[in-house]
Amino acid sequence: MSKSPITTHILDLGSGKPAAGVRITLEQQQGDSWVTLASAETDADGRVLNGFGSEAVAGVYRLTFDTDGYYAAQGLRCFYPQVTIAFRLDDVQAHYHVPLLLNQWGYSTYRGS
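The notes below deal with the structure included here.

Thresholds, definitions, all that
Residues numbered from 1 in each chain as written. Predicted model: local features only at pLDDT ≥ 70, side-chain atom pairs only at ≥ 80, totals over all residues. Heavy atoms only, no water. Salt bridge = Lys/Arg side-chain N within 4 Å of Asp/Glu carboxyl O. Helix = DSSP H or I, 4+ residues; strand = E, 2+ residues; numbered from the N terminus. Phe/Tyr/Trp six-rings, centres within 6.5 Å; stacked < 30°, edge-to-face > 60°. Buried < 20%, exposed > 50% of the residue type's maximum accessible area, 1.4 Å probe, protein only. Lys NZ or Arg CZ within 6 Å of the ring centre and 35° of its normal. Pairing = 2+ DSSP bridges. Contact = heavy atoms within 4.5 Å.

What to know about the pattern of salt bridges
One pass over the full model with this rule turns up two salt bridges. Its salt-bridge partner being Arg 62, residue Glu 27 comes within 2.7 Å of it at the nearest N-O pair. On the criterion of sequence distance, the pair formed by Glu 27 in strand β3 (residues 23–30) and Arg 62 in strand β6 (residues 59–65) is long-range, its members being 35 residues apart. For Arg 47, the salt bridge is made with Asp 45, and the minimal N-O distance between the two is 2.9 Å.

Okay, here's the thing in structure tokens:
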């Protein structure tokens, strides 16, 4: 199966391991509203490579990561119960990889490849 045009992965910086089993929702902005397009869960390598469909149109999207559920499953609490990353998709022929670097107290992201 080929990759979705939008992919992600999560590295748990606290453990130094991929964050497996994190629930993620992909939404697209339509006017003043957000429309849910897909939901997926990270695999054992902390990735979602084909869970967000096979096509994307230009627009503004957001990924919401259930960080609270991930840390609760480990018996831990976190400061940010969810992380939402909004991004603009302009080139429908390009691949958009949106990584999340995560720990219990913070996070970072960037445009990946």
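Structural notes on the packing of aromatic side chains
Counted by the stated rule, this structure contains four aromatic pairs. A ring pair is formed by Tyr 70 and Tyr 71, whose centres lie 4.9 Å apart and whose planes are at 70°; its orientation type is edge-to-face. What makes Tyr 71 buried here is its relative accessible area of 2%. Cluster of aromatic residues (ring-pair linked, three or more members): Phe 79, Tyr 80 and Tyr 107. The ring of Tyr 96 has Arg 111 sitting right over it, with the charged end atom 4.2 Å from the ring centre.

Some thoughts on the pairing of β3
Summarising the sheet, β3 and strand β4 (residues 33–41) pair through eight bridges and their orientation is antiparallel. Note on β4: the bridge partner recorded for Leu 26 is Ala 38. In this antiparallel pair of consecutive strands, β3 and β4, the connection spans two residues, and Gly 31 shows a positive phi of 70°. Note: β3 against β6, five bridges, orientation antiparallel. Directly across from Gln 28, in β6, lies its bridge partner Tyr 61.

Re the pairing of strand β9 (residues 100–103)
Only one face of β9 is covered, namely the one carrying Leu 100 and Leu 102; the face carrying Leu 101 and Asn 103 has none of its residues buried. Where strand β1 (residues 6–12) lies against β9, three bridges are found, and the strand directions are parallel. Bridge pairing in β9 links Ile 10 to Leu 100. Across four bridges, β9 lies against strand β10 (residues 106–109) in antiparallel orientation.

Observations concerning the side chain of Thr 8
Turning to its location among the elements, Thr 8 is positioned in strand β1. Setting aside residues up to four positions removed in sequence, Thr 8 forms contacts with Ile 24, Gly 46, Arg 47, Val 48, Phe 52, Leu 63, Phe 65, His 97, Val 98 and Pro 99.

These figures capture arrangement, not role.
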